[in-house]
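# Descriptive analysis of the structure
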Amino acid sequence: MEDKNSSLEALVEQAGELLQQTFQEVAKRIVGQRDMLEGMMTGLLAEGHVLLEGVPGLAKTLAVKTLAEVLDSGFKRIQFTPDLLPADLIGTMIYRPQTGDFIPRKGPIFTNIILADEINRSPAKVQSALLEAMEERQVTLGTESYQLAEPFLVLATQNPIEHEGTYPLPEAQLDRFIVKLYVPYPSFSEEKDILKRVGVKADIRIRKVLDKDKIERLRSAVRKIHVDPRIEEYIVSLVQTSREKDREKGDFVRFIEYGGSPRASIYLFRCAKAKALLEGRTFVIPEDVKALAPAVLRHRIILTYEAEAEDLSTDQIITEILRGVDVP
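Here we take up the environment of G324. Here G324 shows up in helix α13 (residues 314-324). In the structure, G324 is positioned 181 residues away from T143 in sequence and 50 Å away in space, judged by C-alpha atoms.

Okay, the pattern of salt bridges next. Under the criterion given, the structure shown has 21 salt bridges. Ionic pairing is found between E135 and R263, a salt bridge with its closest N-O pair at 3.7 Å. In this pair, E135 is assigned in helix α5 (residues 124-136) and R263 in helix α10 (residues 262-278), connecting sequence segments 128 residues apart. By sharing partners, the salt bridges in this structure join E135, D175, R176, R263 and R300 into a single network.

Here the focus is the pairing of strand β4 (residues 91-96). Relative to strand β5 (residues 101-106), β4 runs antiparallel, the two being bridged by six bridges. Bridge assignment links R96 to a residue of β5, and that residue is D101. Connecting β4 to the next strand, β5, in antiparallel fashion are four residues, including G100 with a positive phi near 75°.

With that settled, consider the sheet that holds strand β3 (residues 75-79). Pairing within the open sheet is parallel, and its five strands lie in the order β3-β6-β9-β1-β10. Whereas interior strands pair on both sides, the edge strands pair on one side only; in this sheet they are β3 and β10 (177-182). Going from strand to strand, the sheet's axes swing by 15° on average, the running direction of each strand aside. Relative to strand β9 (residues 153-158), strand β1 (residues 49-53) runs parallel, the two sharing four bridges. Bridged to L52 within β9 is T157.

Core analysis: the biggest nonpolar cluster contains 76 residues, and M40, L45, L277 and V289 have the highest contact counts within it. Ignoring sequence-local partners within four residues, the contact set of M40 consists of V50, L52, A63, V64, L67, L155 and L181.

Within the structure shown, the criterion is met by one aromatic pair. Seen in terms of ring centroids, Y95 and F102 are 5.2 Å apart; in terms of plane orientation they differ by 55°. Their pairing is tilted. Classification of Y95 as partly exposed rests on a relative accessible area of 46%. Looking at R34, its charged tip hangs above the ring of F23, at a distance of 4.1 Å from the centre. Above the plane of the ring of F110 lies K106, whose end atom (NZ or CZ) is 5.0 Å from the centre.

What follows deals with the layout of surface pockets. Of the voids in this model, the largest pocket is the one considered here, and its volume is about 790 Å³. E53, Q158, L174, K180 and Y182 are the residues nearest the centre of the largest pocket, which is lined by 25 residues in total. Secondary structure elements with two or more residues in the lining of the largest pocket: α6 (171-174), β10 and β13 (302-303). Class assignment for the residues of the lining of the largest pocket results in 10 nonpolar, eight polar and seven charged.

As a further point, take the packing of helix α11 (residues 286-297) against α13. A pair of packed helices is characterised by two quantities: the angle between their axes and the separation of those axes. It is the contact of α11 with α13, at a shortest axis distance of 10 Å, that shows an interaxial angle of 140°. Judged by the inter-axis angle, α11 sits oblique to α13. Relative to α13, the crossing made by α11 is right-handed. Residues K290, A293, P294 and L297 of α11 form the contact with α13, whose own contacting residues are T314, I318 and L322. Of the residues in the contact of α11 with α13, the class split is five nonpolar, one polar and one charged.

Another aspect to go through is the packing of helix α8 (residues 212-224) against α10. One way to put it is that α8 packs onto α10 with a least axis distance of 8 Å and a crossing angle of 110°. Considered as vectors, α8 and α10 are oriented roughly perpendicular to each other. Crossing hand, α8 versus α10: right-handed. Where α8 approaches α10, its residues L218, A221, V222 and R223 are matched on the opposing element by R270, K273, A274 and L277. Partitioned by chemical class, the residues of the contact of α8 with α10 number five nonpolar, no polar and three charged.

Let us look at the side chain of T22. Topologically, T22 is positioned in helix α1 (residues 2-26). Every residue in contact with T22, bar those within four places of it in the chain, is listed here: M41, L67, V70, V209 and L210.

Inspection of the secondary structure puts Q24 in helix α1. For the pair Q24 and E320, spaced 296 residues apart in the sequence, the C-alpha separation amounts to 36 Å.

Right, let's talk about the side chain of H299 for a bit. For H299, the location among the structural elements is in the loop between α11 and β13. On the basis of relative accessibility, which here comes to 8%, the residue H299 falls in the buried class. A polar contact of 3.1 Å, which involves the side chain of H299, links it to the side chain of R300. Excluding residues within four positions of it along the chain, H299 makes contact with L174, F177, I178, V179 and K180.

What counts as what
- Residues numbered from 1 in each chain as written.
- Predicted model: local features only at pLDDT ≥ 70, side-chain atom pairs only at ≥ 80, totals over all residues.
- Heavy atoms only, no water.
- Helix = DSSP H or I, 4+ residues; strand = E, 2+ residues; numbered from the N terminus.
- Salt bridge = Lys/Arg side-chain N within 4 Å of Asp/Glu carboxyl O.
- Pairing = 2+ DSSP bridges.
- Axes fitted to C-alpha atoms, helices over the stretch in contact; angles between N-to-C directions.
- Core = buried A, V, L, I, M, F, W, Y, C linked by side-chain atoms within 4.5 Å.
- Buried < 20%, exposed > 50% of the residue type's maximum accessible area, 1.4 Å probe, protein only.
- Contact = heavy atoms within 4.5 Å.
- Phe/Tyr/Trp six-rings, centres within 6.5 Å; stacked < 30°, edge-to-face > 60°.
- Lys NZ or Arg CZ within 6 Å of the ring centre and 35° of its normal.
- 1 Å grid on protein atoms, 1.4 Å probe; cavity = no way out; pocket = protein on both sides within 12 Å on 5 of 7 lines; lining within 4 Å.
- Points joined across faces, edges and corners; volume = space filled by probe spheres on them.
- Nonpolar A, V, L, I, M, F, W, Y, C, P; charged D, E, K, R; others polar.
- Parallel < 35°, antiparallel > 145°, perpendicular 65-115°, else oblique.
- Left-handed = near helix turned anticlockwise from the far one by under 90°.
- Polar contact = N/O pair within 3.5 Å; in protein donor to acceptor, adjacent residues only side chain to side chain.

The structure is reproduced here in structure tokens:
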């Protein structure tokens, strides 16, 4: 057992060095926004997709492009627009007159890192084209299914203040994102640093730190992170409480129309393990779960009309859920 623990500690230590180098490279272009960067890395380590929401100009797109440069892997950016078609995303079958056959023309989804920029600007038929790729890691063209290469990560951005020409993401689509991150404004000092760094256009070189093998090693380390059974019960209790109708659980439950599904429990479990690795630990603590609960649950809990009438946010309800569940 001691040998097993020491080997895991060594693995976590090596992972910490790689992660530190990664964040150092990204910080050459991105000032602050540590929570956003850790959230994207959590998605990569926990093998899930990430949705970034924030007003224009907060470096969401730049952060995704920079992270993709740090990773020595394929990268494609797709600008979502109202006239985008599913074939523009996943590809289509092309007729070859020389042989009389149809051959697949693979779309930009066949890469490792996808930047889905302003994902809510495309209608439901385009969103549905992403579902199979995001969940099954495969794309069906004609009668054949084609596996996507690993790692496969969708990093999507959306603007919360524009409504004209946008399409709210359906719940089935939102549920495929392991976390939804809110990107805040920078602080006063951070914005001063932004002026100094990018006020004058400069070519900031980024060194590639992670390749596919190193990413798999990091993911392997996440899988080995220890989770105490009491932490597992805590995770399940949080998600179960989000769908309880028992008023004894708290007055807040009347504001919840639909709670998180078992997928929320799975993703919170994975994210907590990734958070532990980011913190340099071989085990998960309750604070890991509490820190990630809003990001995992905020796009999975649907509030009632009564909650909207009282101007309550999903994050406020999640805070009440965290207060109502005993911490192990």
